[in-house]
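Listed below are the residues making up each chain.
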Amino acid sequence: LPLCFPQKLWKMLESDQFQSIWWSEGGKCVAINEELFKEEVLGRGGHQRVFNTQRIKSVTRQLNLYGFTRMQRDDQRSASLPEFLAEEAAVSAHSQILYYYNPCFSRAHPQLLETCMRR
């Protein structure tokens, strides 16, 4: 049975296979390095393909359909060192970091994943 979008997203975040997507805000937000994500995730083909699209707009549309809201980050930085370093590396590479939040999608509460429904 194929995984639904939130389950795929969760597996990606929990995997150390991807450098372009990580938990931010102590596991409450999803951070995506847009340029690296396009290359690393959406550029995959064949049996390694994660999503049925190669467009970042389609992924952001899925995020919105599942109740994620885009967060604006100014000079706010993550509290944990790995998050901070990942964000600093991405910023220094002139990449845009996209932050998304969903109250039913939290690293500390995997049981809430099943309440992440498509609108």
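Residues numbered from 1 in each chain as written. Predicted model: local features only at pLDDT ≥ 70, side-chain atom pairs only at ≥ 80, totals over all residues. Heavy atoms only, no water.

Asker: Go over the overall build of the protein, please, and point to the residues and values.
Answerer: The helix and strand tally for the protein stands at four helices and four strands. For the protein, the α and β elements follow one another from N to C terminus as α-β-β-α-α-β-α-β. A total of 119 residues make up the protein; the buried ones form 42% of that total. (Helix = DSSP H or I, 4+ residues; strand = E, 2+ residues; numbered from the N terminus. Buried < 20%, exposed > 50% of the residue type's maximum accessible area, 1.4 Å probe, protein only.)

Asker: With reference to specific residues and values, describe the state of the cysteines.
Answerer: Note on terminology: disulfide describes a covalent bond linking the sulfur atoms of two cysteines. Within the structure shown, the criterion is met by zero disulfides. Between Cys 4, a free cysteine, and Cys 116, which holds the nearest cysteine sulfur, the sulfur-to-sulfur gap is 8.0 Å. Unpaired in terms of disulfides, Cys 104 finds its nearest cysteine sulfur in Cys 116, a separation of 5.5 Å. Take Cys 104: its relative accessible area is 26%, and that puts it in the partly exposed class. (Disulfide = S-S within 2.5 Å.)

Asker: Which residues make up the pairing of strand β2 (residues 29-33), and what values go with them?
Answerer: Of all five residues in β2, five are buried, a share of seventy percent or more. The two faces of β2 match: Cys 29, Ala 31 and Asn 33 on one face and Val 30 and Ile 32 on the other face are all buried. Sheet topology note: the strand β1 (residues 21-24)/β2 ladder contains four bridges and is antiparallel. Residue pairing for β2: Ser 24 is matched across the bridge by Cys 29. (Pairing = 2+ DSSP bridges.)

Asker: Could you give me a rundown of the packing of aromatic side chains, with the residues and numbers involved?
Answerer: Counted by the stated rule, this structure contains seven aromatic pairs. Ring plane angle 75° and centroid distance 5.1 Å describe the contact between Trp 10 and Trp 23, whose orientation is recorded as edge-to-face. Of this pair, Trp 10 sits in helix α1 (residues 5-14) while Trp 23 sits in strand β1, and the two are 13 residues apart along the sequence. For Trp 10, a relative accessible area of 13% translates into the label buried. Trp 23 gets classed as buried once you look at its relative accessible area, which sits at 4%. Here a set of aromatic residues connected by ring pairs shows up, and it is made of Phe 5, Phe 37, Phe 51 and Tyr 66. (Phe/Tyr/Trp six-rings, centres within 6.5 Å; stacked < 30°, edge-to-face > 60°.)

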